[in-house]
Every structure is written in C-alpha cells, then in structure tokens.
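# Report on the structure
Read off the chains here:
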Amino acid sequence: MGITRRKATVIILFTTLIVLALLVLSLTNKKAELPEDWIFTVDGYAVTEDEFQFYVKEQRAITADYFFRIYGVQVDEGFWTRQYGENHETPTEYAKKSAMTALLKTKQEQFIADERGIAPYKSFDELKSDMEDENVKRAKMEDSEGTYYGLPQFDLNQYMQYLSGARWPDLVETQVKKTKMSETELHVEYASKSAEYVRVANELTAALATAGQAKEEKVLNRLDISKEETESLKFWESLAAASVGETVIGKYMGEDVVATLTTKPEITKLKLEEVKDSILYGSAESDLRALIANTNKLKIVYNGNRFSELVVN
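Everything quoted here is computed from the prediction, not taken from an experiment. (Residues numbered from 1 in each chain as written. Predicted model: local features only at pLDDT ≥ 70, side-chain atom pairs only at ≥ 80, totals over all residues. Heavy atoms only, no water.)

### A look at the overall build of the protein
How we decide: What counts as a helix is a DSSP run of H or I of at least four residues, what counts as a strand is a run of E of at least two, and both are numbered from the N terminus. A 1.4 Å probe rolled over the protein chains alone gives each residue an accessible area, and that area as a share of the maximum for its type sets the label: buried under 20%, exposed over 50%, partly exposed in between. Residue contacts are defined here by distance: any two heavy atoms, one from each residue, within 4.5 Å place the two residues in contact. Only the protein chains shown count as cover for residues, and the accessible areas themselves come from Shrake-Rupley with a 1.4 Å probe.
The secondary structure content of the protein amounts to 8 helices and 9 strands. Within the protein, the proportion of its 313 residues that are buried is 31%. Sequence separation of at least 24 residues holds for 60% of the intrachain contacts in the protein that already meet a minimum separation of 6. Put simply, the protein shows about 20300 Å² of open surface, and 53% of that area lies on carbon and sulfur atoms.

### A closer look at the environment of Glu173
Its place among the elements puts Glu173 in helix α5 (residues 156–178). Glu173 sits in the partly exposed class, given a relative accessible area of 37%. Counting along the chain gives 111 residues from Glu173 to Ala284, while the straight-line C-alpha distance between them is 8.2 Å.

### Observations concerning the packing of helix α2 (residues 49–71) against α5
Basically, it comes down to this: The axes used here are C-alpha line fits, helices contributing only the stretch in contact, and every angle between their N-to-C directions lies in the interval 0 to 180 degrees. Any angle that is under 35 degrees is reported as roughly parallel, and any over 145 degrees as roughly antiparallel; angles of 65 to 115 degrees are reported as roughly perpendicular and all others as oblique. Residues are grouped as follows: Ala, Val, Leu, Ile, Met, Phe, Trp, Tyr, Cys and Pro are nonpolar; Asp, Glu, Lys and Arg are charged; all remaining types, including Gly, are polar.
Relative orientation of the contacting elements α2 and α5 amounts to 100 degrees, with a least axis distance of 11 Å. One finds that α2 runs roughly perpendicular with respect to α5. Residues Phe54, Tyr55 and Glu58 of α2 form the contact with α5, whose participating residues are Leu156, Asn157 and Met160. For the contact of α2 with α5, the per-class residue count stands at 4 nonpolar, 1 polar and 1 charged.

### Observations regarding a nonpolar patch on the surface
For clarity, the cut-off: Patch building starts from residues that exceed 30% relative accessible area and form no salt bridge, then joins like charges within 9 Å and nonpolar side chains (Val, Leu, Ile, Met, Phe, Trp, Tyr) within 5 Å. Salt bridge, as used here, is a side-chain nitrogen of Lys or Arg placed within 4 Å of a carboxyl oxygen of Asp or Glu.
Together, Val198, Val200 and Ile267 give the surface a local cluster of nonpolar side chains, amounting to about 220 Å² of exposed area. With respect to the secondary-structure elements, Val198 resides in strand β3 (residues 198–200). Overall, Val198 belongs to the partly exposed group, its relative accessible area being 32%.

### So, the sheet that holds strand β9 (residues 300–302)
In plain terms, the rule: Two strands are said to pair when DSSP picks up at least two bridges between them.
Strand order across the open sheet formed by 3 strands is β2-β1-β9, with antiparallel pairing between neighbours. On the outer flanks of this sheet lie β2 (45–48) and β9, each paired with one strand and no other. On average, each strand axis in the sheet is tilted by 30 degrees relative to the strand beside it, whichever way the strands run. Here strand β1 (residues 38–42) runs beside β9; their pairing, made up of 3 bridges, is antiparallel. Each residue of the ladder has a partner; that of Thr41, found in β9, is Val301. Helix-sheet contacts for α2 involve β1 and β2, and the interaxial angle to β2 is about 65 degrees. Against the sheet, helix α3 (residues 91–115) contacts β1, β2 and β9, and its axis sits at roughly 50 degrees relative to β1.

### Remarks on the sheet that holds strand β7 (residues 255–263)
Spatially, the 4 strands line up as an open sheet ordered β5-β4-β7-β6, and their pairing is antiparallel. Sheet topology places β5 (216–221) and β6 (247–252) at the edges, where each strand pairs with a single neighbour. With direction set aside, neighbouring strand axes in the sheet form an average angle of 45 degrees. The pairing of strand β4 (residues 203–210) with β5 spans 6 bridges and is antiparallel. Counted as the bridge partner of Leu204 is Leu220 from β5. The strands touched by helix α7 (residues 230–241) within the sheet are β4, β5, β6 and β7, with β6 carrying the most contacts at an inclination of about 165 degrees.

### Structural notes on the nonpolar core
Across soluble globular proteins, you tend to see nonpolar side chains buried next to one another. Put simply, the rule is: Residues belong to one nonpolar core when they are buried, are Ala, Val, Leu, Ile, Met, Phe, Trp, Tyr or Cys, and are joined through side-chain atoms within 4.5 Å.
Residues Phe40, Val42, Phe52 and Leu103 are the most contacted members of the largest nonpolar core, which totals 33 residues. If near-sequence neighbours (up to four positions away) are discounted, Phe40 is found in contact with Tyr45, Ala46, Val47, Phe52, Met100, Leu103, Ile300, Val301, Tyr302, Asn303 and Phe307. Of all hydrophobic cores here, the second largest spans 16 residues; its members include Leu220, Ile225, Phe235 and Val248.

### Remarks on the packing of aromatic side chains
In this description, a pair of aromatic rings is defined by centroid distance and the angle of the planes. Note the threshold: Put simply, two rings from Phe, Tyr or Trp (the six-membered ring, in Trp's case) pair if the centres are within 6.5 Å, and we call them stacked under 30 degrees between planes, edge-to-face over 60, tilted for the rest.
Tallying each qualifying case throughout the model produces 24 aromatic pairs. Pairing Phe40 with Phe52 gives two aromatic rings, centres 5.8 Å apart and planes at 80 degrees, and the pair type is edge-to-face. Of the two residues, Phe40 sits in strand β1 while Phe52 sits in helix α2, which places them 12 residues apart along the sequence. An identical accessibility class is assigned to Phe40 and Phe52; each is buried. Consider the rings of Tyr302 and Phe307, whose centres lie 5.2 Å apart with planes at 40 degrees: the pair is tilted.

### A short note on the pairing of β6
With 6 bridges connecting them, β6 and β7 associate as antiparallel partners. Bridging across to β7, Tyr252 finds its partner in Glu255. A loop of 2 residues connects β6 with β7, the two strands running antiparallel in sequence, and Met253 in this loop sits at a positive phi of about 55 degrees.

### With respect to the pattern of salt bridges
Inspection of the entire model under this criterion finds 15 salt bridges. For Lys107, the salt bridge goes to Glu51, with nearest N and O atoms at 2.8 Å. Here Lys107 is found in helix α3, whereas its partner Glu51 is found in helix α2, with 56 residues between them in sequence. Overall, the relative accessible area of 3% leaves Glu51 in the buried class. Here Glu134 ties to Lys137 by a salt bridge, and the two come within 3.3 Å at their closest N and O atoms.

Shape is all these values report; function is a separate question.
This is the structure we're talking about:
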C-alpha cells in the first residue's frame, strides 16, 4: 500500500511540474510567435518588415550623403538600385547593412536589459503601442497641468531613445558588478589620467569693466551663473583658463565686458579614493558599450529571400 501511495504522489508531482512548465513556456516564449510578415529573426525573436524599415529610414540620409561624397551622385529615380564604383556598391545594400548594424545593437541592449531583469524584451508592435499609450498619458497630464519629464509627445525614434536612456543607469549599475578592477589596475588608470582628476575652485578674481566704465576688481563665482546663461559660463571658463594678466572679452550676465584675470581659481589634485567610483563606473560603461556593439554572436535566421529581395526606395 505504501509503495502505491508513493507512486501516485510521484506521478501527481511530475504531472504538476509538466503543466507548470508548459504554462510558463506559453507565457514567456515570444520567440515562437512569428508574425506573417517576419523577414528574419534575431536569437529567435522576429523582426518584421515594418520594424526593419524603421531602421532603414534612419539610414537614408546617411546613405545618400555617403554616395554623394564617394561617387558624386545624387538621389534620382534609379539611385537606390544602381551600382557604383569598382565594388559595385548599391545604395539599397549599403542602407540595409547600416540599418542591420543599428538594429542589432538595439536588440543586444534589449536582450541584456531583459537578461538582467531591468526591462522585459518587447516586440516592435508592443513598443509602438506603449508609445501611443505614453503620448495619451502625457497629453492628459498636459491638459491637467501635471508633471512629466521629457517631450510632451514622442515620435518612434524619440521614444526608443527615451527608453534606452531610462534603462542605461541600471545597465551600468549591473555592469559595475561584472567589471572587476584590481588595485594595481586602479592605480594604473588613475596615473594615466591624473591630469583629469582635479577639482577647480568656483571663484576667480578679475579686473572687469562693462562698455564705457573703468575696470573694477571683482570676485566672479561660477555658482552664481545659471545653466541657461551659456555665454556667461563660457566667459567664466575662458577667464579660468587664461594666464594671470591676460585679458578676455566676452558677454557676462547679459553685458559686453572686458576682464583681466588677477587670480586664477585654485586647482586641487584629487586622491585615488575620491575618484575610485568614477574610474570603476567609467570602466563599466566602456565595457557595456563594447558588449552592446559586439553583436557577432547573435543568431540571425532569414525567412527565405524576403530580406535579400527588400529594396529601399
């Protein structure tokens, strides 16, 4: 009797695990859901003609500029299929190759974000739907004077950039844990860029005068200048970079001024401990960009001749 009960329990448990596995697979395996208009897959995920044309569109101007610079030709009726040069280059193939490079980098970033639990992978149609929902939400917030960050409405290219920017800090954080630097490597990196690891004081003194007035020595504090006052910031930085006794002409606080530097801002060399995190994050970000750019291991499967027969027009 005991053996019979154990077998029954094992069978029930095994059956339950199979059912759960099939349920999870049905919920998560988007790779199996290939739409009718797919032209190739990347690691099993479908790319439709609509999606690929989005990337091609972004390469049209770059392609036209390339063929004008290299071959001196302009876009006309037969431009996209005509062959040029000894290598028989065609604008269509050039644009498709450039579009593929851009698409694969985007996919690679999406895959990494998905694998690291930052943002789930979404198809092109899902992204377009999300963008439309976001635009509706922002329009309602605009009407009710609500607060949101960024543009009031996105086009698809802007929305893709918005998503990438939003997940980038989290991607870097996860990469920091993967990028290992020994103490020796930290010291070498610090030594190689020691000239960059300095703190510049926010104050300098200069004999300053506006048009028609005598010079008067003043303390100019960079923190008094708002980010919007770009001309004033540029003037302050030009003074800070000047030698003592050197005169700089420019615009400061909305006025045309001339100033002779009398005291440079103090420059303090930062210690390794003060810039250690900056070095680690900079190295992690560099590794992450290299990882995203390395798309060679992505597996591409084409749907017959649909990709090769695709013509840019």
